[in-house]
Amino acid sequence: MSLNTQILIAAILGLIAGYVLTLFPGTQFFHAGIYGLSIISSIFIGLLKMLLIPLIFSSIVVGVSNLQAGGQLGRVWKITVACCVTTTTLALILGIGSAHLFDVGKGVDIAMFQQAMSEHQTPDTLTPTSFLTNFIQNTLINPFKAFAEGNVLAVVVFALFIGVALVHGGDRFRTVRNLSAQFFDIMMLMIGWVMKLAPLGIFALLAKLLATEDISVLSRLAEFAVVVTGTTIFHGAVVLPLLLWIFGKMDPLTFFKGTRAALITAFATSSSSATMPLSLKCAQENLGVRPQTAGFVIPLGTQLNMDGTALYEAAAALFIANLMGLDLSLGQQVIVCLTAMIASLGAPGIPSAGMVTMIMVLQSVGLPAEAIAILLPIDRLLDTVRTVVNVQGDMMISVVVDRHTREMEQQT
Ligand code: ASP
């Protein structure tokens, strides 16, 4: 049985097992079950996290040095940025559009949420300017600190520098270049081993999610949850595949078949960072993206390109405004979109990261940050789908970028 099929079956069995556990709440069976599932999922996530930083570092160093050597860095860079901006903008428009279309939050009684809001501790004010300063201060730091703390963005930046320097030095640094390439191969080999555990890990993650999340709170915010999830799925199932088909000349079925393992892992882990090793593997091995393109685009996209998060944050801001009975002007909605774009750039690829940067979006138009208390109870559940779309976007962009650079090479 192929790994893809195993993962799919494991996901379904995981959901069933999670449901079975919910039938025995508070019993010894329940606690023992959750304990066992936690152990298995921690091993799986732990292994992925262990490989993440060395993998990101080596794949960007190797990717950039190969791109530079082929003289493609400028092109790849431009196409990647253009793709990220386009897909995120479309996601934002969809988020705002659907929130308007379905009038999410209008007519819901805000008093219902008053207690949750008053109990919620608001973190320090997060404005786009302070966020940007923080962003810079956390990015240009001692690389060893970045490695030790698992600061992905800082590692990405340092790796970009090393990659460019390696090419700049030419033959002088051949040994380090070869070393990096071999190190990267070792990482990929180890990811192959971890992938063998993926079915078990996904089974445990999904069973635990279903058994421990309070699904009933969904009903209070059902309309919003359905609208956001539906729109996110629309973006992932219609908009992105259409762009892939037009600009990447790849039929969506091939794409979904080839990326299934990564997409299910994104759903189960709610973390694009934890999924990155699999995204890289799927893009290279199943979609035929050349290692130098995938090695550059995917780690970068994991950190910076989050369509699902952007869509969610824009729609959620409008939802909160409607809930409060405020009508945001067109200008304010543009501010929401721009802030949501920055917020999605800065959100790390970990579960519920979008909730933290959401504060910035709310504050940008004067909405109370405490209002995220309303969304928190359902966030872990909504996070599953938006992470899938975040990861899907990265792999899709790697296909488009690879195709365009190949074409340009053939022309020159
Ligand atoms: N969990 C998301 C991700 O890892 C980020 C978010 O919370 O929106 O991509």
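Residues numbered from 1 in each chain as written. Predicted model: local features only at pLDDT ≥ 70, side-chain atom pairs only at ≥ 80, totals over all residues. Heavy atoms only, no water.

Engineer: Quick rundown of the overall build of the protein? Include the residues and the values.
Structural biologist: Tallying secondary structure elements over the protein gives 17 helices and zero strands in all. For 412 residues, the compact-globule estimate of 2.2 N^0.38 gives 22 Å, and the C-alpha radius of gyration of the protein, at 21 Å, lies within 12% of that figure. Overall, the C-alpha framework of the protein stretches about 70 × 55 × 45 Å when taken along its three principal axes. By the burial criterion, 53% of the 412 residues in the protein qualify as buried. Considering only residue pairs separated by 6 or more positions, the protein has 84% of its internal contacts joining residues 24 or more positions apart. Total accessible area on the protein stands at roughly 17,900 Å², and carbon and sulfur atoms take up 68% of it. Where the 20 positive side-chain charges of the protein centre and where its 22 negative ones centre are 13 Å apart. (Helix = DSSP H or I, 4+ residues; strand = E, 2+ residues; numbered from the N terminus. Rg over C-alpha atoms; globule rule 2.2 N^0.38 Å. Buried < 20%, exposed > 50% of the residue type's maximum accessible area, 1.4 Å probe, protein only. Contact = heavy atoms within 4.5 Å. Areas by Shrake-Rupley, 256 points an atom, 1.4 Å probe, with all protein chains shown as cover. Lys, Arg positive; Asp, Glu negative; His and termini not counted. Charge placed at Lys NZ, Arg CZ, Asp CG, Glu CD.)

Engineer: A description of the site of the ligand should follow, citing residues and the corresponding values.
Structural biologist: In the vicinity of the ligand there are 15 residues, among which Ser272, Thr309, Gly354, Arg386 and Asn390 approach most closely. Between a nitrogen atom of the ligand and a main-chain N or O atom of Ile350, the distance comes to 3.0 Å. Protein coverage of the free-state accessible area of the ligand, which is 270 Å², stands at 100%. Elements supplying a minimum of two residues to the shell around the ligand: α16 (353-364) and α17 (372-411). (Near = heavy atom within 4 Å. Polar contact = N/O pair within 3.5 Å; in protein donor to acceptor, adjacent residues only side chain to side chain.)

Engineer: Give a description of helix α7 (residues 152-169) that names residues and reports values.
Structural biologist: Taking 1.5 Å per residue, 18 residues should reach 26 Å; α7 reaches 26 Å between its end C-alpha atoms and fits that length. If you check which residues of α7 are buried, you get Val152, Leu153, Ala154, Val155, Val156, Ala159, Leu160, Gly163, Leu166, Val167 and Gly169. Downstream of α7 by a residue or two, Gly170 has a phi angle that is positive, lying close to 60 degrees. (Expected span 1.5 Å × (residues − 1).)

Engineer: Help me get a handle on unusual backbone geometry, residues and values and all.
Structural biologist: In this structure, Asp103 is a non-glycine residue whose phi angle is positive, near 50 degrees. For Asp103, the location among the structural elements is in the loop between α3 (73-101) and α4 (111-119). Exposure remark for Asp103: the relative accessible area of 35% places this residue in the partly exposed category. The backbone of Ser270 sits at a positive phi, close to 50 degrees, despite the residue not being glycine. For Ser270, the location among the structural elements is in the loop between α11 (252-269) and α12 (272-285). Looking at Ser270, the relative accessible area reads 1%, which means it is buried.

Engineer: Before we move on, could you go through the UniProt feature "transmembrane region" (unreviewed entry) in the protein and cite the residues and values that matter?
Structural biologist: Look at the UniProt record and you will see "transmembrane region" (unreviewed entry) annotated at residues 7-26, 32-64, 76-102, 152-171, 183-204, 224-247 and 353-376. As annotated, residues 76-102 has a helix share of 96% and a strand share of 0%, and its two end C-alpha atoms lie 39 Å apart. Between the C-alpha atoms that bound residues 353-376 the distance is 11 Å, and the span itself is 71% helix and 0% strand. (UniProt positions renumbered as here; feature names shortened; annotations may be inferred.)

Engineer: Describe the pattern of salt bridges, naming the residues involved and giving the relevant values.
Structural biologist: Per the counting criterion, the structure on display carries seven salt bridges. Across the pair Glu285 and Lys281 runs a salt bridge whose closest N-O atoms are separated by 3.1 Å. In this pair, Glu285 and Lys281 are both assigned in helix α12, four residues apart and thus about one turn of the helix distant. By relative accessible area, which is 51% here, Glu285 ends up exposed. (Salt bridge = Lys/Arg side-chain N within 4 Å of Asp/Glu carboxyl O.)

Engineer: Explain the side chain of Ser98 to me, and be specific about the residues and the numbers.
Structural biologist: Structurally, Ser98 can be placed in helix α3. With sequence-adjacent residues up to four places away left out, Ser98 is seen in contact with Val227 and Thr231.

Engineer: Please give an account of the nonpolar core that cites residues and values.
Structural biologist: One finds Leu55, Ile56, Ile60, Ile202, Leu280, Phe296 and Met395 to be the most contacted residues of the largest nonpolar core, which totals 73 residues. Element by element, the count of residues in this core is highest for helix α2 (residues 28-69), at 14 residues. Membership of the second largest hydrophobic core comes to 41 residues, among which are Ala99, Tyr312, Leu328 and Leu382. (Core = buried A, V, L, I, M, F, W, Y, C linked by side-chain atoms within 4.5 Å.)

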